[in-house]
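# Structural characterization, general
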Amino acid sequence: MAGTVRVVINDRPIEAPAGALVVDVAKQAGIDIPVFCYHPKLEPAGMCRMCLVEVGTIKLDPQTRQPVLDEEGRPVVQWMPRLQTACTTRVAEGMVVRTHTLQVQEAQRAILEFLLTSHPLDCPICDKGGECPLQNLTLRYGPAESRFDYQDKMRQEKRVPLGDLIILDRERCILCGRCIRFQEEIADDPVLGFSDRGRGMEIITFSDPPFASYFSGNTTDICPVGALTTTDFRFRARPWEMTPIPSICPHCPVGCNITLDVRFSAHKGGWDILRVMPRQHEQVNEIWICDKGRLVHHFATAEDRLRQPLMRRNGELVPVSWEEALDRVAEALREAGARAAGIIGDRLPNEDLYLFRRLFEEALESSWITMDPPVFGGEWVARYGVGVGTDFGRMGPGSLIVVMAGDLEEEAPVWFLRVRGAVRRGARLIVAGGKPQKAERYANPILRYRFGTEALVLIGALRALLEEGRVAPEALPRLEGLEALQDALRRYSLEQISRQTGVPAESLRELARAVAEAREVVFLFGREGVMDGEAFVGMAANLLALTGHVGRPNNGLLPLWPHGNTQGALDFIGVRSLPEEVPALYVVGADPLGDGRPMPRAGFLVVQDLFLTETARAADVVLPAQSWAERDGTFTSADRRVQRFYKAIPAVGEARGDWEIFIALALRLGRQWFYLSPEAVMDEIARTIPRYAGMDYGALSWTQPQWPPVGTSRDLYFGGTARPNTGGLGRAWPSEAEAPEARWPLAWKAPKIPPEGAVLAVPVRRLYHEGTLIARTPHLRNRAIPLAARVHPETARGLQLEVGRMVTIRVNGQEVRLPVHIDPAVPPQVLWLPASLVPRAGVLEAFPVEFRVEVGDGTFSR
């Protein structure tokens, strides 16, 4: 077979990929070679020497080039004089390997004896006990007792904070370097290193703040001992005491697979989530998660969760029974009828979104529902989103990844890791944006444009593409509207576009050429500073369709949506404008008042949420809902992959699932709904919604073996403690362009651009921006970024703004009140606002700004 070689390991003939490492080939053949420093996701280091094996080659007759045989007719093997490290030795044709000889066993025993000379005997209190590779390998390969004198033991610090989130026990550390290499190779945050030499060598952090990385928790997963522990789990439980529940991270568009480790807590008097672990999904998050996904779960069991329904009486919200609350809500909705309106958040599962739409369409005959927050580009993602089977892990030479109008690490951290991995394998990255970001370290070229001109930049690339005749021949028969697009583009010149955007004309040509010449293109787009969302995404879609980069895996649009089920909210709810005033308004899982977004004036307001938010405080009835950890459900990630999560803990207080509440209201409104579980709702979705056809819980629970093996007791030493995937790999629904006979329509919309000299409000997303969920995560309090209006010093002087002064910013008729922070990183004539607070009923955009600075009891405007 081409690209393979024949080797023999422990007398077993094996065919393996040429150049593969001996340790990997053996593992895939079911032969364990113990390792500590080696990890299949990292470059080999050969540091611990635990993987020593005998390596030889078959002796060949110099005349005939045939194997020389011994007296028994077996090939003669020429063994290397010394043992070799299996983690750095690559297989070659005719190689022979022995992993269990007496010489190898003596070497393994010696390595373990050396490691244990100063290793503390604190297994009974070590957090790694029960899932510790050192413990397991010592039992399998180590000596029965130590010959080392206890008085010579090296004593070191037992609790060394490497920052707010990670604690180092220097006595347990065996200096394998996995944590250092992960931070350098995978996260590109080289904040850890070795200090000193010999027995005094130790791990240190040299960043400020310490261990400054969004991915620090992954080092505890791959640490082969109990040297690294997270502050939220340290000393809380033993692995065998907890029940692992498969789940999906709800915080960003990636859809990372996670496991919630839960246990009954005597302290809390109920079941609690003790830790969150990555669950392996090589097409989604591999075996990694970010620290936000790992730590931001405390809101599910927070003390201030809503625990029973509330109703307004004499101006106060007071506890009432579910029956009373539901009867009152149903009465108000029945009276409003078709004039009732609803707002539902994009964090809710698909089953709830589906029933919410049915409640309004069927029980109330109302179409006045919309999702929150509003986003743009949903129709183009449905048409030209990345093809089913897209996997950054398979991208390399010939692949192009474009990131535009979004900060990849801040908005989709694990995609940042995977894009970096693709670049390391040979893929090309282009980053276009109005401000710097970490991904630019690997980008060529970097397009820095003026905020608000995103669509114009892409018009320039389209103009260059057509000028140079780079439309893909295979795309021409399927394109619709090409002549109209060409006519519209003729009104623009590259020189004019360059002046307006600040991007050199040659850079626009380079972008066009890169897209046209690439074998495959994934275009990630965000919302940062975008003034005209539909024009922006439409031009990106045009660029991909013209070059044939739609309708197949690793090609198409990939949105940086704000949350874990924004795509599901688009599929079932969508974005619509609501009337300014309605008789009844039903707000579910959203806080428009707290987020500064407009909301219809309502004669009767119902809010259904986890907490008493600003919107809930203004409600007539408040209904307590369950978090994602308290029920079953599904989320749809930005690549349109539908994935299942499972109930992990009992409901808090009297809280009910959103789906249950909708059913109870529908029954009171005369609809005969009989769903006994979210699974029954998903069964109906799988039967009636074409995009979700066949996606019942059984189909979504399908799994298959993945490489590398992780999580089982036999594989802990190799892949770490990330969990194997037993909960399901999910399924993605295909984009419209993937249909065999699909046409590829092009679109034109003249973009809105900011007027000359305007001050622009630019929504910016940060991973740790303060918010409802971060506020209930004690371990991130020191890292939370305050909500503020950030402005360049020059702009602040021109507007006479002072640091810390509270300002009310009026943007397109809406207002938000924030303190002023001076930040030289902000471009002049630009104001950075938290993306969650941009006051706009519609897309999050950059807008001309009016300031009203509060001075005492009065105000004055600028």
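Refer to the preceding data block for the structure.
Fair warning: this is a prediction, and the values are worked out from it, not measured in the lab. (Residues numbered from 1 in each chain as written. Predicted model: local features only at pLDDT ≥ 70, side-chain atom pairs only at ≥ 80, totals over all residues. Heavy atoms only, no water.)

What follows is about the overall build of the protein chain. Each helix and strand counted, the protein chain has 24 helices and 39 strands in total. A compact globule built from 862 residues should have a C-alpha radius of gyration of about 29 Å, and the protein chain, at 29 Å, falls within 12% of that. Dimensions along the principal axes, computed over C-alpha positions, put the protein chain at roughly 95 × 70 × 60 Å. By residue count, 61% of the 862 residues in the protein chain fall in the buried class. The long-range fraction of contacts in the protein chain, counting pairs at least 24 apart against all pairs at least 6 apart in sequence, stands at 73%. As displayed, the protein chain has an accessible area near 33,500 Å², and 50% of this comes from carbon and sulfur atoms. The positive charge centre, built from 100 side chains, and the negative charge centre, built from 107, are 2 Å apart in the protein chain. (Helix = DSSP H or I, 4+ residues; strand = E, 2+ residues; numbered from the N terminus. Rg over C-alpha atoms; globule rule 2.2 N^0.38 Å. Buried < 20%, exposed > 50% of the residue type's maximum accessible area, 1.4 Å probe, protein only. Contact = heavy atoms within 4.5 Å. Areas by Shrake-Rupley, 256 points an atom, 1.4 Å probe, with all protein chains shown as cover. Lys, Arg positive; Asp, Glu negative; His and termini not counted. Charge placed at Lys NZ, Arg CZ, Asp CG, Glu CD.)

Read from one edge of the open sheet, three strands run β12-β13-β14, paired in antiparallel fashion. Each edge of the open sheet is held by one strand with a lone partner, namely β12 (243–248) and β14 (270–278). Between one strand axis and the next, the sheet turns through 35 degrees on average, direction left out of account. Pairing of β12 with strand β13 (residues 257–265), which is carried by six bridges, proceeds in the antiparallel orientation. From the neighbouring strand, proline 246 faces β13, where its bridge partner is threonine 259. (Pairing = 2+ DSSP bridges. Axes fitted to C-alpha atoms, helices over the stretch in contact; angles between N-to-C directions.)

Turning our attention to the packing of helix α12 (residues 454–467) against helix α13 (residues 482–489). Packed helices, taken two at a time, are described by the angle their axes make and the gap between the axes. In contact at an axis separation of 10 Å, α12 and α13 are set at 110 degrees when each is read in the N-to-C sense. By the criterion of interaxial angle, the relationship of α12 to α13 is roughly perpendicular. Considering how the two elements wind past one another, α12 and α13 form a crossing that is left-handed. For the pair formed by α12 and α13, the contact residues are Ile459, Leu462, Arg463 and Leu466 on the first element and Leu482, Gln486 and Leu489 on the second. Of the residues in the contact of α12 with α13, the class split is five nonpolar, one polar and one charged. (Parallel < 35°, antiparallel > 145°, perpendicular 65-115°, else oblique. Left-handed = near helix turned anticlockwise from the far one by under 90°. Nonpolar A, V, L, I, M, F, W, Y, C, P; charged D, E, K, R; others polar.)

On to the pattern of salt bridges, then. One pass over the structure, following the stated rule, counts 69 salt bridges. Taking the shortest distance from any N to any O, the salt bridge between lysine 158 and aspartate 169 comes out at 2.9 Å. With lysine 158 in the loop between α3 (133–141) and β7 (160–161) and aspartate 169 in the loop between β8 (166–168) and α4 (178–186), this residue pair connects regions lying 11 residues apart in the sequence. It is possible to trace a salt-bridge network through shared partners that takes in Lys41, Glu282, Glu286, Asp391, Arg394 and Arg418. (Salt bridge = Lys/Arg side-chain N within 4 Å of Asp/Glu carboxyl O.)

For the rest of this paragraph, the subject is the environment of phenylalanine 264. With respect to the helices and strands, phenylalanine 264 occurs in strand β13. Distance from phenylalanine 264 to proline 778, taken between C-alpha atoms, is 21 Å for residues 514 residues apart in sequence. In contact with phenylalanine 264, not counting residues within four places along its chain, are Gly269, Gly270 and Trp271.

Another point: the packing of α12 against helix α16 (residues 533–546). Taken N-terminus to C-terminus, the directions of α12 and α16 make an angle of 25 degrees; their axes are 8 Å apart at the nearest point. Between α12 and α16, the angle falls in the class roughly parallel. As for the relative orientation of α12 and α16, their crossing is left-handed in sense. Facing Glu454, Ala455, Leu458, Ile459, Ala461, Leu462 and Leu465 of α12, the residues of α16 in contact are Ala535, Phe536, Met539, Ala540, Asn542, Leu543 and Leu546. By residue class, the composition of the contact of α12 with α16 is 12 nonpolar, one polar and one charged.

A cis amide bond, omega 5 degrees, links aspartate 208 with the succeeding residue proline 209. Turning to its location among the elements, proline 209 is positioned in the loop between β10 (202–205) and α5 (218–222). Residue proline 373 is reached from aspartate 372 by a cis peptide bond, and omega for that bond is 0 degrees. You can see proline 373 is positioned in the loop between β18 (369–372) and α9 (378–384). In this model, alanine 405 sits at a positive phi of 60 degrees, which is unusual for a non-glycine residue. In this structure alanine 405 comes out as buried when scored by relative accessible area, which is 1%.

The next point concerns the nonpolar core. Core analysis: the largest hydrophobic core is formed by 239 residues, its most contacted members being Trp415, Leu429, Leu524, Phe536, Leu557 and Tyr586. Those residues in contact with phenylalanine 536 that lie beyond four places of it in its chain are Phe376, Met404, Ala405, Glu454, Ala455, Leu458, Phe525, Gly526 and Val530. (Core = buried A, V, L, I, M, F, W, Y, C linked by side-chain atoms within 4.5 Å.)

The next point concerns the layout of surface pockets. Roughly 1,000 Å³ of internal volume is contained in the second largest pocket. As for the second largest pocket, its lining consists of 40 residues, and the residues nearest its centre are Pro40, Lys41, Glu282, Glu286 and Arg425. Only α1 (22–28), α4 and α11 (413–424) provide two or more residues apiece to the lining of the second largest pocket. No other element matches the five residues that α11 contributes to the lining of the second largest pocket. Split into classes, the residues belonging to the lining of the second largest pocket amount to 18 nonpolar, nine polar and 13 charged. (1 Å grid on protein atoms, 1.4 Å probe; cavity = no way out; pocket = protein on both sides within 12 Å on 5 of 7 lines; lining within 4 Å. Points joined across faces, edges and corners; volume = space filled by probe spheres on them.)

Take the sheet that holds strand β30 (residues 731–732) next. Taken together, three strands build an open sheet; the order of strands is β28-β29-β30 and the sheet is antiparallel. Across the chains shown, the open sheet's two edge strands, defined by having one partner strand only, are β28 (633–636) and β30. Strand direction decides the pairing type here: β28 and strand β29 (residues 641–645), joined by four bridges, are antiparallel. Residue pairing for β29: glycine 633 is matched across the bridge by phenylalanine 645.

Turning our eyes to something else, we now look at the packing of aromatic side chains. One pass over the structure, following the stated rule, counts 21 aromatic pairs. Ring centres 5.9 Å apart and planes at 50 degrees place the aromatic pair tyrosine 38 and phenylalanine 718 in the tilted group. You can see tyrosine 38 sitting in the loop between α1 and β3 (52–58) and its partner phenylalanine 718 sitting in helix α23 (residues 716–719), a full 680 residues away along the chain. These aromatic residues form a ring-pair network of at least three members: Tyr38, Trp707, Tyr717 and Phe718. Just above the ring of phenylalanine 233 sits the side chain of arginine 275; from NZ or CZ to the centre is 4.5 Å. Against the face of tryptophan 733 rests arginine 640, its NZ or CZ located 5.1 Å from the ring centre. (Phe/Tyr/Trp six-rings, centres within 6.5 Å; stacked < 30°, edge-to-face > 60°. Lys NZ or Arg CZ within 6 Å of the ring centre and 35° of its normal.)

Glancing now at the side chain of lysine 128. Turning to its location among the elements, lysine 128 is positioned in the loop between α2 (102–116) and α3. In this structure lysine 128 is buried but unpaired, with glutamate 131 as the nearest side chain of opposite charge at 5.4 Å. Beyond its immediate chain neighbours, meaning those up to four positions away, lysine 128 contacts Pro133, Thr220, Asp221, Cys223, Val225, Gly226 and Thr721.

Attention shifts here to the side chain of threonine 259. Along the chain, the position of threonine 259 falls in strand β13. Under the relative-accessibility criterion, threonine 259 is labelled buried at 4%. Here threonine 259 is in contact with Pro244, Ile245, Arg275, Val276, Met277, Arg279 and Arg723, once residues within four sequence places are set aside.

Below, the discussion takes up empty space enclosed by the protein. Rolled over the atoms, a probe as big as a water molecule pinpoints where empty space is left. Inspection of every chain in the model, using the stated rule, returns six cavities of 30 Å³ or more. If you add up the space inside the largest cavity, you get close to 190 Å³. Lining the largest cavity are 17 residues, and of these Thr220, Leu228, Thr230, Phe233 and Arg275 lie nearest its centre. Of all elements in the fold, only α5, β11 (228–230) and β14 reach the threshold of two or more residues within the lining of the largest cavity.

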